[in-house]
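Here is how the chains run, residue by residue.
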Amino acid sequence: MAKNRTFTMLKPDAVEKGHIGAILEKISASGFRIVAMKLTQMTTKDAQNFYAVHSERPFFADLVEYMTRGPIVAAILEKDNAVEDFRTLIGATNPADAAEGTIRKMFADSISENAVHGSDSDENAFIESAFHFSGREMF
Ligand code: CMP
């Protein structure tokens, strides 16, 4: 499998609880290279656009409020098979279903506040990376 990239956010709950260092350590130890990274905070408009695919879901308003309530860490990660391997590393969307040792099992409390985002396809990784980073912020 060729080297490719995925996009992640350490979400407001993970940042609030002081888990940035531990999560980044786990990501690096799992063989991902950090291509771009920043501490930032999404506006309501940012979150509505980023999660537009979920706009009809009953949890959309709560999702936007959660994702805008504090800073996040946005990052682009590179590795062979990055999208799939990162989704394995973070575990199921609902931490109650996540495998032992996954980031969500270790650091998330609920399906709505699940600590970390991982792109679900190469195409979305590209779109989500471009949402948060310009080309000159990628290394
Ligand atoms: P993620 O998969 O990164 O992106 C969509 C987010 O919506 C998801 O993480 C959760 O934070 C949230 N989400 C998904 N499903 C539910 C649900 N059933 N109830 C509440 N929030 C959800």
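An unreviewed UniProt entry lists the protein chain under the name Nucleoside diphosphate kinase, from Mariniflexile gromovii. Under the heading Subunit (unreviewed entry), UniProt records this for the protein chain: "Homotetramer." In the Function (unreviewed entry) part of its UniProt record, the protein chain is described as follows: "Major role in the synthesis of nucleoside triphosphates other than ATP. The ATP gamma phosphate is transferred to the NDP beta phosphate via a ping-pong mechanism, using a phosphorylated active-site intermediate."

Peer 1: Residue-level account of the site of the ligand, with values.
Peer 2: Every residue close to the ligand is listed here: Lys-11, Tyr-51, His-54, Phe-59, Leu-63, Arg-104, Ile-111, Ser-112, Asn-114 and His-117. Measuring from an oxygen atom of the ligand, one finds a backbone N or O atom of Ser-112 at 3.2 Å. With respect to the ligand, the side chain of His-117 contributes an N or O atom lying 3.0 Å from an oxygen atom. Coverage of the ligand by the protein chains reaches 78% of its 450 Å² of free accessible surface. Across the shell around the ligand, the residue classes break down as four nonpolar, four polar and two charged.

Peer 1: Before we move on, can you summarise the nonpolar core with the specific residues and values?
Peer 2: Taken as a class, soluble globular proteins show a tendency for nonpolar side chains to be buried jointly. The biggest cluster of nonpolar side chains holds 18 residues, and the ones touching the most others in it are Ile-23, Ile-27, Phe-32, Phe-86 and Ile-103. Contributions of two or more residues to this core are made by α1 (12-16), α2 (20-29), β3 (72-80), α5 (82-90) and α6 (103-107). Of all the elements, α5 adds the most residues to this core, at four residues. Core analysis: the second largest hydrophobic core is formed by 17 residues, Met-9, Tyr-66, Met-67 and Ile-76 among them.

Peer 1: How would you explain α5 if you had to name every residue and give the values?
Peer 2: An α-helix turns once every 3.6 residues. As a result, residues three or four positions apart point the same way. Taken together, the buried positions of α5 are Ala-82, Val-83, Phe-86, Leu-89 and Ile-90. Projected down its long axis, α5 shows its buried positions confined to an angular sector of 125°, all on one face. For α5, the exposed residues set more than 90 degrees away from the buried face come down to Glu-84 and Thr-88. Where α5 is buried, its residues meet β1 (3-10), α2, β3, α6, β4 (116-118) and α7 (122-132). Positioned one or two residues after α5, Gly-91 has a phi angle of 90°, which is positive.

Peer 1: For the pairing of β3, give the residues involved together with the corresponding values.
Peer 2: Burial analysis of β3 places eight of its nine residues in the buried class, which makes it a mostly covered element. Direction of pairing for β1 relative to β3: antiparallel, over a ladder of eight bridges. Note that in β3 the partner of Leu-10 across the bridge is Val-73. Sheet topology note: the strand β2 (residues 33-40)/β3 ladder contains seven bridges and is antiparallel. Among the inter-strand pairings, Lys-38 is bridged to a residue of β3, identified as Ala-74.

Peer 1: Before we move on, can you summarise the side chain of His-132 with the specific residues and values?
Peer 2: In this fold, His-132 is placed in helix α7. Residue His-132 is classed as buried on the basis of its relative accessible area of 11%. If sequence neighbours within four positions are ignored, His-132 has contacts with Phe-7, Met-9, Lys-38, Thr-40, Met-42, Phe-50, Ile-72, Ala-74 and Glu-137.

Peer 1: An account of unusual backbone geometry is needed here, citing residue identities and associated values.
Peer 2: Phi at Asn-81 takes a positive value of approximately 55°, unusual for a residue other than glycine. As for its placement among the helices and strands, Asn-81 is situated in the loop between β3 and α5. Phi at Ala-115 takes a positive value of approximately 70°, unusual for a residue other than glycine. You can call Ala-115 buried: its relative accessible area is 0%.

What counts and what doesn't
Residues take numbers from 1 onward in each chain, read along the sequence in its written order. Residue-level local features of this predicted model are given only where pLDDT is at least 70; pairs of side-chain atoms are given and counted only at 80 or more, and the full residue set underlies all totals for whole chains, interfaces and linings. With hydrogens and water stripped out, all remaining heavy atoms of the structure feed into the side-chain values. UniProt positions are given in the numbering used here, feature names are shortened, and annotations may be inferred rather than shown by experiment. The criterion for a residue being near a molecule or strand is simple. One of its heavy atoms has to lie within 4 Å of it. The definition of a polar contact used here is a pair of N or O atoms within 3.5 Å, where within protein one atom must be able to donate a hydrogen and the other to accept one, and adjacent residues in sequence count solely through side-chain atom pairs. Computed with a 1.4 Å probe, the accessible areas rest on the Shrake-Rupley method; for each residue, only the protein chains presented here act as cover. In the scheme used here, Gly and all other residues not listed as nonpolar or charged are polar, with Ala, Val, Leu, Ile, Met, Phe, Trp, Tyr, Cys and Pro taken as nonpolar and Asp, Glu, Lys and Arg as charged. What we call a nonpolar core is a set of buried Ala, Val, Leu, Ile, Met, Phe, Trp, Tyr and Cys residues that are connected through their side-chain atoms within 4.5 Å. Burial classification: accessible surface area is computed with a 1.4 Å probe over protein chains only, and a residue below 20% of its type maximum counts as buried, one above 50% as exposed, and the rest as partly exposed. Numbering goes from the N terminus for both helices and strands, where a helix is a DSSP run of H or I of at least four residues and a strand is a run of E of at least two. By definition, the arc is the one covered by directions from the helix axis to the C-beta atoms. Contacts are assigned to residue pairs that have any heavy atoms within 4.5 Å of one another. Two strands make a pair as long as DSSP finds a minimum of two bridges between them.

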